[in-house]
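Topology and contacts: notes
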Amino acid sequence: MKLSKFLFLASLLSGIWLFNESAQADLSSNLVIQYIQEGIARKSWQPVQEENFLNRSGMLPRNNYRNGQGRPEGIVIHETANPTSTIYNEISYMYGHWQSAFVHEFVDANHLVGVANTDYLCWGAGTIANQRFIQVEQLEVHSKDDFAREQLNLAKFTADQLSYYGLGMGRRRATIWSHDDVSGVLGGTNHSDPVSYWNNSASNWFSGSYNMDDFIWLVNQIKSATLMRGYGLPSIIKRDTQTRWLKFGRNTEIFDRSVAGKVIGNSTTLSAKNVTVKEIGTLSNGQVLALVSQNNNILGWTDLTALIKI
Ligand SMILES: [Zn+2]
């Protein structure tokens, strides 16, 4: 995405956090995800704020995805397979060797760094996948808490990309792929990350398992959390910021403009799906809502992440 749009998106999405006790998140049977949920509920864990290195990425080529600029079809999950590297060293190395390979994003327990424009393809998983997908690289981390927090950051980033590009819920080998999935299904590459990293981390620190299906459950939990109840009315952060038209990309509730938590409709009942955004606001729990209108009639507040570009 363009830099200005990236910053706008980052400013909107960095504050969204959809898991907490009051939001009645579904409980997982997976030990890694249970530990993440406990961290959020009891240790005030939140996804880390994204850092933006796009101003250092001018040397990178700008090639369109097979469906065009700004049209990725999903996301590929990588892991560096380097047990001793650090995130900023990995990024420096990538900028120095981009002709061989580069990705869009790096993540670890305490950092999420955008390093290439996600509106254009990167070179991380072979010719077939490169033409289709955003790609994110995990660093290897070395403790129970760090692994849990890295997964939280990775899942939040993934959920935000699916929302931003209007790709719907996370679906295995459709909108979310491991590099191993790419090797097995699409070809053009033969890496198997992050399978062994996740297996070993889950086994060593949680005496359990953790795989792509678990990760996708976590992503979808973040994407679909119930909004607004118990958090009052939004505090306005932007007014009349968008003139572009959007539409509902998934079914979601519409809330009264001035009565907190009062559901007044549902996007499925609207005869027309196109809306304009009049205001953007945040709830006390950090969730971001859009006040939407049709034909100059205010409909109400709705989940910003449910809206997609026309
Ligand atoms: Zn990989």
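Source: prediction; values computed, not measured.

A count of helices and strands for the chain gives eight helices and 14 strands. Sorting the 310 residues of the chain into buried and exposed places 54% on the buried side. The contacts in the chain between residues at least 6 apart in sequence include a share of 70% that link residues at least 24 apart. Within the structure as shown, the chain displays about 13,400 Å² of accessible surface, and the carbon and sulfur contribution to it stands at 45%.

Taken as a whole, the largest pocket holds about 410 Å³ of empty space. Counting only elements with at least two residues in the lining of the largest pocket, the list comes to strand S2 (74-79) and helix H3 (87-96). Here the element with the most residues in the lining of the largest pocket is H3; it accounts for three residues. Looking at the lining of the largest pocket, its residues break down into eight nonpolar, eight polar and four charged.

In space, the six strands of this open sheet follow the order S1-S4-S3-S5-S2-S6, with mixed pairing throughout. Only two strands of the sheet have a single partner each, and these edge strands are strand S1 (50-52) and strand S6 (176-178). Strand-to-strand, the axes of this sheet are offset by a mean angle of 25°, without reference to chain direction. Note: strand S3 (residues 105-107) against strand S5 (residues 133-138), three bridges, orientation parallel. The partner of Val107 across the bridge, within S5, is Gln138. Running at roughly 170° to S5, helix H5 (residues 144-164) makes contact with S1, S2, S3, strand S4 (112-114), S5 and S6 of the sheet.

As a further point, take the coordination of the zinc ion. Looking at the metal site, the zinc ion is ligated by His78 (ND1), His179 (ND1), Asp193 (OD) and Asp193 (OD), spaced 2.0 to 2.7 Å from it. Coordination at the zinc ion is irregular: its four donor atoms span angles of 52 to 146° at the metal. Mapping the donors of the zinc ion onto the primary sequence gives the spacing H-x100-H-x13-D. Within this pair, whereas His78 is found in strand S2, its partner Asp193 is found in the loop between helix H6 (179-186) and helix H7 (195-206), the two being separated by 115 residues in sequence. Take Asp193: its relative accessible area is 10%, and that puts it in the buried class.

Right, let's talk about the environment of Ala159 for a bit. When you line up the elements, Ala159 lands in helix H5. On a C-alpha basis, the gap between Ala159 and Thr305 in space is 9.3 Å, while along the polypeptide they are 146 residues apart.

Take the nonpolar core next. Judged by nonpolar contacts, the single largest core of 39 residues is most densely connected at Ile77, Phe147, Ile176, Trp198, Tyr210 and Phe215. When residues of this core are traced back to their parent elements, those giving at least two are helix H2 (31-43), S2, S5, H5, H7 and helix H8 (212-224). It is H5 that contributes the most residues to this core, nine residues altogether. Among all residues touching Ile176, those that are not within four sequence positions of it are Ile75, Ile77, Thr158, Leu162, Gly170, Arg171, Met212, Phe215, Ile216 and Val219. Listed in part, the 15 residues of the second largest apolar core include Phe53, Tyr95, Phe106 and Ala116.

Looking at the chain, the pLDDT average stands at 86 and 87% of residues meet or exceed 70. Scored below 50 in pLDDT, residues 1-24 shows 72 contacts in the model against residues more than four places distant or in partner chains.

Let us look at the pattern of salt bridges. Applying the stated criterion across every chain yields a total of six salt bridges. With a closest N to O distance of 3.9 Å, Lys43 and Asp145 form a salt bridge. Placement of the pair is Lys43 in helix H2 and Asp145 in helix H5, with a sequence separation of 102 residues. In this structure, Asp213 and Arg172 form a salt bridge, with 3.4 Å as the shortest nitrogen-oxygen distance. Taken together, the residues span a long stretch of sequence, with Asp213 in helix H8 and Arg172 in the loop between H5 and S6 at a distance of 41 residues. Under the relative-accessibility criterion, Arg172 is labelled partly exposed at 30%. A single network of salt bridges, built from pairs that share partners, joins Arg172, Arg173, Asp181 and Asp213.

Running from N to C, H5 and H7 point in directions that differ by 135°, and their axes come no closer than 9 Å. Relative to H7, the element H5 is oriented oblique. In terms of crossing hand, the pair formed by H5 and H7 is left-handed. When H5 is examined against H7, the residues Lys144, Phe147, Ala148, Glu150, Gln151 and Leu154 are found in contact with a partner set consisting of Tyr197, Trp198, Ser201, Trp205 and Phe206. Residue composition of the contact of H5 with H7, by class: seven nonpolar, two polar and two charged.

This part covers the pairing of S5. The element S5 is largely enclosed, with a buried count of six among its six residues. Of the two faces of S5, the one lined by Phe133, Gln135 and Glu137 and the one lined by Ile134, Val136 and Gln138 are each fully buried. Sheet topology places S2 next to S5; six bridges connect them, and they run parallel. Across the sheet, the residue bridging to Val76 is Gln135, located in S5.

Definitions and limits used
Throughout, residues of each chain are indexed from 1 in the direction in which the sequence is written. Predicted model: local features are reported for residues with pLDDT of at least 70 only, side-chain atom pairs are reported and counted for 80 or more only, and whole-chain, interface and lining totals are derived from all residues. Excluded from the side-chain calculation are hydrogens and water; included are all heavy atoms of the structure. Put simply, DSSP H or I for four residues or longer makes a helix, DSSP E for two residues or longer makes a strand, and each gets a number counted from the N terminus. For every residue, the accessible area (1.4 Å probe, protein chains only) is compared with the maximum for its type, and the residue is labelled buried under 20%, exposed over 50%, or partly exposed between those bounds. Any pair of residues with heavy atoms lying within 4.5 Å of one another is described as a contacting pair. All accessible-area figures derive from a Shrake-Rupley calculation using a 1.4 Å probe, and residue coverage is judged against the displayed protein chains alone. Cavities and pockets are found on a 1 Å grid laid over the protein atoms alone: a cavity is a set of points where a 1.4 Å probe fits but cannot escape, a pocket is an open set with protein on both sides within 12 Å along at least five of seven lines, and a lining residue has an atom within 4 Å of such a point. Grid points are joined across faces, edges and corners, and a volume is the space filled by probe spheres set on the points. Amino acids outside the nonpolar list (Ala, Val, Leu, Ile, Met, Phe, Trp, Tyr, Cys, Pro) and the charged list (Asp, Glu, Lys, Arg) are all regarded as polar, and Gly is one of them. Pairing between two strands is assigned when DSSP locates at least 2 bridges connecting them. Interaxial angle, 0 to 180 degrees, is taken between N-to-C directions of lines fitted to C-alpha atoms, where a helix line uses only the stretch in contact. Each metal's donors are the N, O and S atoms found within 2.8 Å of it, except that Na, K and Ca use a 3.2 Å limit; water is left out, so coordination can look incomplete. A four-donor site is called tetrahedral if each angle lies between 85 and 135 degrees; a four-donor site is square planar, and a six-donor site octahedral, when trans pairs exceed 155 degrees and the remaining angles lie between 65 and 115; all other cases are labelled irregular. Among buried residues, those of type Ala, Val, Leu, Ile, Met, Phe, Trp, Tyr and Cys that are joined through side-chain atoms within 4.5 Å constitute a nonpolar core. Confidence per residue, as judged by the predictor, is encoded in pLDDT with a range of 0 to 100. Any carboxyl oxygen of Asp or Glu within 4 Å of a side-chain nitrogen of Lys or Arg constitutes a salt bridge here. Here is the rule for angles: anything less than 35 degrees is roughly parallel, anything more than 145 is roughly antiparallel, 65 through 115 is roughly perpendicular, and the remaining ranges are oblique. Handedness of a crossing is defined here by the sense of rotation of the near helix relative to the far one, left-handed for an anticlockwise turn of less than a right angle and right-handed for a clockwise turn.

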